[in-house]
Amino acid sequence: MLSSQQILTTKLENWRIKYISGTRKTWVYLSNEDEIQQWPLSDVDKFNLCIPIEDHIKMLKQPTTPHDAAVNAFRLLRRGQAPNGDWVGCGTDVMYLTPMYLFAFHILGFKIPEPQRIEQIRYILFCANTVDGGWGMAPGDESTVFGTALNYTSLRILGLDPDHPKMKIARNTLKGLGGALGASAWGKFWLCVLNVYDWAGVNSIPPELWALPEWLPVHPSKWYVFVRTFYCSMSYLFRVRFKAPITELTLALRKELYVEDYDTIDWTLYRNYISNADEHVPISRVMNVINFFLNGVLESCPIPLLNRYALNTVYQHVCYEVENTGSTCIVSCCSALNLIVQAHAEGVDSPTVQKQKESAEEYLWMSPEGMHVTISTSIPAWAGPFIGHALVETGLSELEENKESIIRLLKLLAEEQMTENTRHYPKDYRQMRKGGWVFGTKNENGYLLADCTGEAFGVILRLSHILKPEDRLPEWRLRMTVDLLLGMQSKDGGFPSYEAERGGNLLELINPTQEFDAVMAEYSTPEITASASTSLAEFKERYTYRANDIERCLQCAVVYLHASQLPSGGWAASWGICLTYGTFFALRALSRLANENYSNSECVKKACHFLLSHQRDDGGWGESRKGVKSNTYIQAENATMAQTAWATMALIYAKYPDKNPIERAVKKVMKEQQSDGSWPEEPPTGYAFRTFAIRYPLYRFIFPIWMLGLAHRYLSRED
């Protein structure tokens, strides 16, 4: 047990990415000199560990133009491309993912290798709030009970002594917030599973909902895919009242996490209690009434036949999820849940559970800050297409030195297209996915996303001329994508994310999470609409298939984009922060779909003025996530390169006539560029569920490269 003030660390240069097959990979630590000599650091390892690639730096010239700066940056980014064509960085810095992984491994008795244990401790401590030592949803966030209880408990699982100075500070913060009794619903659930909270203090999570007729508007098949998948597994564990075995650590945590004496707590009084720091989305009156009924009737008067049928039903859906995703599950926290569910049902030593364990380990990611769990195992159809679009629009795709990189990317994207529906479609309630791409990998995730599909589809169309004719995606597979996207468009003309709309926004009245907003149903968003519709426009330029249907679709998308513009002039995105991200995608789409620009569209003119009103004195843009809930632009402490790039490109797509704001932004980005062509790490610019930020490490490369090359062309024009 670590009790000293010193925090151990491993040698960063001893970590390696091990490629398993396809896009599957994991991090391994080399512990002796023979291994290190036989397996030298690759460029991809160095790139992801932020270790300088010396020969790369020596080859670079001092940039004098935006184009030069873009070339330098992509030369480094190219060195980070894996042999299979992937850029392996994932979405990170969501502070409940690592605890859930650790809880599952601890409960099931899976040993954490020593190098991983050391680096997980280091990462969690690195991400603590620098003022009070607690944890929130993202590194350095204001402390919450949910974040502090789970991360404190994780450190105890990893062997950190409760008397360690940092643990004392965190524990004081937790108790200052009222202790673990004030955790949100998800926090209470996970503490129950660990057996350091009592199921009597949790509102009912009934698997019996899955036994309802599917035509009912509240049936789980109508819910948003994440909530449906998570609560399916959670309802199983709730119904069996799963509890980890009691150990010395269990008894110690029961003392450390609470202000009150654990054995005297009346848990039923705390079902609806939540700390002010945790309550992001209050439980509705409707849900309170439903909880009263479920707790008072369903849980008090069990119906054994119904309960067994419901439990078997949700377990069958857990099995569908595991089989459909190659044991990886939709995201890492679902993987942790399903590990416990299937271990309970089949035993820890079952082949199914052992395969899930191996898949769960692929979510681990090593960074200079330590080791943590990511959202997805890989995102080839997200980062890759953006890189491809950047190369097209900057002219870097025309450079001979980039051809081999582009070919590898295109071949990877072709391999990652899904050409079949899920194994258990449609009884698994999944969206038809033939022709689509995923946020993750085809075989280890397989969940269609409309924006990943749009961006991958679009970049394949724009770059396929580089390939030999026999290596290009055949037209029948392109047509599958067209059919898929046209079938996903919503009545309002926009596009949702994972599935065509099923339930309406009234489902938000039964949102049980207390943490996550707008998570019960699918909604159209500006950025997803832009990604899907612009790719269809690219297809229509080249092929005649369903041309009339595509034209109607594009017209409806334009109507949606006009209608979703905020009075301020911006667009609110759901997957990035927030008005900058949404406005970038919207103006990119309006330019492409309707040839709208500053001179011919009041909508575009208003958007430009909105962006310009928030340009900082240093020429950059920096939007804080504090304004996400209210859809207002709040200045961050500093500009970020990704947001500066989004805003600048939006102005370029809009053909903003005054080049001065664009020149100022270019100077800012070039000034911040480092000698190796990169930019410093910056705060997260991704976002989800109006609640937590996501850091995409590649954003600080992709979008500045894209903007610099695009700006060079724009500023070089004579008109």
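This text goes with the structure placed above it.
Enquirer: Summarise the overall build of the protein; cite the residues concerned and give the values.
Expert: Looking only at helices and strands, the protein features 26 helices and eight strands. Its C-alpha atoms give the protein a radius of gyration of 25 Å, near enough to 27 Å, the size a compact globule of 719 residues would have. The principal-axis extents of the C-alpha atoms in the protein amount to approximately 80 × 60 × 50 Å. Split into buried and exposed, the 719 residues of the protein put 64% on the buried side. Intrachain contacts of the protein at a sequence separation of at least 6 include 73% that bridge at least 24 residues.

Enquirer: Outline helix H8 (residues 165-176), supporting the account with residue identities and numerical values.
Expert: Along its 12 residues, H8 runs 17 Å from first to last C-alpha, staying within 8% of the 16 Å computed at 1.5 Å per residue. Listing the buried residues of H8 in full gives Met167, Ala170, Arg171, Thr173 and Leu174. With its buried residues spanning 160° around the axis, H8 presents them on a single face. Exposed side of H8, more than 90 degrees from the buried face: Asn172 and Gly176 are the residues found there. Tucked inside the fold, the buried residues of H8 contact helix H7 (145-157) and helix H11 (248-256).

Enquirer: How would you explain the nonpolar core if you had to name every residue and give the values?
Expert: Of all hydrophobic cores here, the largest spans 240 residues; its most connected members are Tyr96, Trp135, Phe226, Phe230 and Phe703. For this core, the leading source of residues is helix H26 (residues 699-716), giving 11 residues.

Enquirer: Now, about the environment of Asn84: what can you tell me, with residues and values included?
Expert: Mapped onto the elements of the fold, Asn84 is located in the loop between helix H4 (66-79) and helix H5 (97-107). C-alpha of Asn84 to C-alpha of Leu409: the two residues are 325 residues apart in sequence and 7.9 Å apart in space. Not counting chain neighbours up to four residues away, the residues in contact with Asn84 comprise Gly22, Thr23, Arg408 and Leu412. Here Asp86 takes part through its backbone nitrogen, which lies 3.0 Å from a polar atom of the side chain of Asn84.

Enquirer: Give a detailed account of the packing of aromatic side chains, specifying residues and quantitative values.
Expert: Under the definition given, this model contains 54 aromatic pairs. Ring centres of Trp27 and Trp365 lie 5.3 Å apart, and the angle between their planes is 80°; on these two criteria the pair is classed as edge-to-face. Here Trp365 lies in strand S3 (residues 364-367) and Trp27 lies in strand S2 (residues 24-29), a separation of 338 residues in the sequence. Residue classification places Trp27 among the buried positions, given a relative accessible area of 5%. Three or more aromatic residues link up through ring pairs in this structure, and these residues are Tyr96, Phe146, Trp186, Tyr224, Phe226, Phe230, Tyr447, Tyr498, Phe516, Trp575, Phe689 and Phe692.

Enquirer: Help me get a handle on the side chain of Gln417, residues and values and all.
Expert: Relative to the elements of secondary structure, Gln417 occurs in the loop between helix H17 (403-416) and helix H18 (450-463). A polar contact is formed between the side chain of Gln417 and the side chain of Thr481, at a distance of 3.0 Å. Not counting chain neighbours up to four residues away, the residues in contact with Gln417 comprise Gly435, Gly436, Trp437, Lys442, Leu473, Arg477 and Thr481.

Enquirer: Describe the environment of Thr64, and please don't skip the residues or the numbers.
Expert: Take Thr64: it is sitting in the loop between helix H3 (54-59) and H4. With relative accessibility at 65%, the residue Thr64 sits in the exposed group. Considering only alpha carbons, one finds Thr64 and Met670, 606 residues apart in sequence, at a separation of 9.3 Å. A distance of 3.0 Å separates polar atoms of two side chains, one belonging to Thr64 and the other to Asp68.

Enquirer: Pulling in residues and values, what's your account of a nonpolar patch on the surface?
Expert: Taken together, the side chains of Val286, Leu506 and Leu509 define a hydrophobic patch exposed on the protein surface, amounting to about 270 Å² of accessible area. With respect to the helices and strands, the residue Leu509 is situated in the loop between helix H19 (475-488) and helix H20 (526-542). A relative accessible area of 36% means that Leu509 is categorised as partly exposed.

Enquirer: Go over the pairing of S2 with me, naming the residues and quoting the values.
Expert: The sheet contact formed by strand S1 (residues 15-21) and S2 spans six bridges and is antiparallel. Bridge pairing links Tyr19 to Lys25 in S2. Adjacent in sequence and paired antiparallel, S1 and S2 are bridged by two residues, among which Gly22 carries a positive phi angle near 55°.

Enquirer: If you had to explain the pattern of salt bridges to someone new, which residues and values would you point to?
Expert: In the structure shown here, the tally under the stated rule is 38 salt bridges. Measuring nitrogen to oxygen at the nearest pair gives 3.7 Å for the salt bridge that ties Arg423 to Glu323. Highlighted residues: Arg423 in the loop between H17 and H18 and Glu323 in helix H13 (residues 304-324), separated in sequence by 100 residues. The salt bridge involving Glu538 is made with Arg542; its shortest N-O contact spans 2.7 Å. Here the residue Glu538 and the residue Arg542 both occupy positions in helix H20, the gap between them amounting to four residues, near one helical turn. By relative accessible area, Glu538 is classed as buried at 10%. Judged by its relative accessible area of 39%, Arg542 is partly exposed. Several salt bridges converge on common partners, so that one network encompasses Glu393, Arg462, Glu538, Glu541, Arg542 and Arg592.

The rules behind these values
Residues numbered from 1 in each chain as written. Predicted model: local features only at pLDDT ≥ 70, side-chain atom pairs only at ≥ 80, totals over all residues. Heavy atoms only, no water. Helix = DSSP H or I, 4+ residues; strand = E, 2+ residues; numbered from the N terminus. Rg over C-alpha atoms; globule rule 2.2 N^0.38 Å. Buried < 20%, exposed > 50% of the residue type's maximum accessible area, 1.4 Å probe, protein only. Contact = heavy atoms within 4.5 Å. Expected span 1.5 Å × (residues − 1). Arc of directions from axis to C-beta. Core = buried A, V, L, I, M, F, W, Y, C linked by side-chain atoms within 4.5 Å. Polar contact = N/O pair within 3.5 Å; in protein donor to acceptor, adjacent residues only side chain to side chain. Phe/Tyr/Trp six-rings, centres within 6.5 Å; stacked < 30°, edge-to-face > 60°. Patch = residues over 30% accessible without salt bridge, like charges linked within 9 Å, V, L, I, M, F, W, Y side chains within 5 Å. Areas by Shrake-Rupley, 256 points an atom, 1.4 Å probe, with all protein chains shown as cover. Salt bridge = Lys/Arg side-chain N within 4 Å of Asp/Glu carboxyl O. Pairing = 2+ DSSP bridges.

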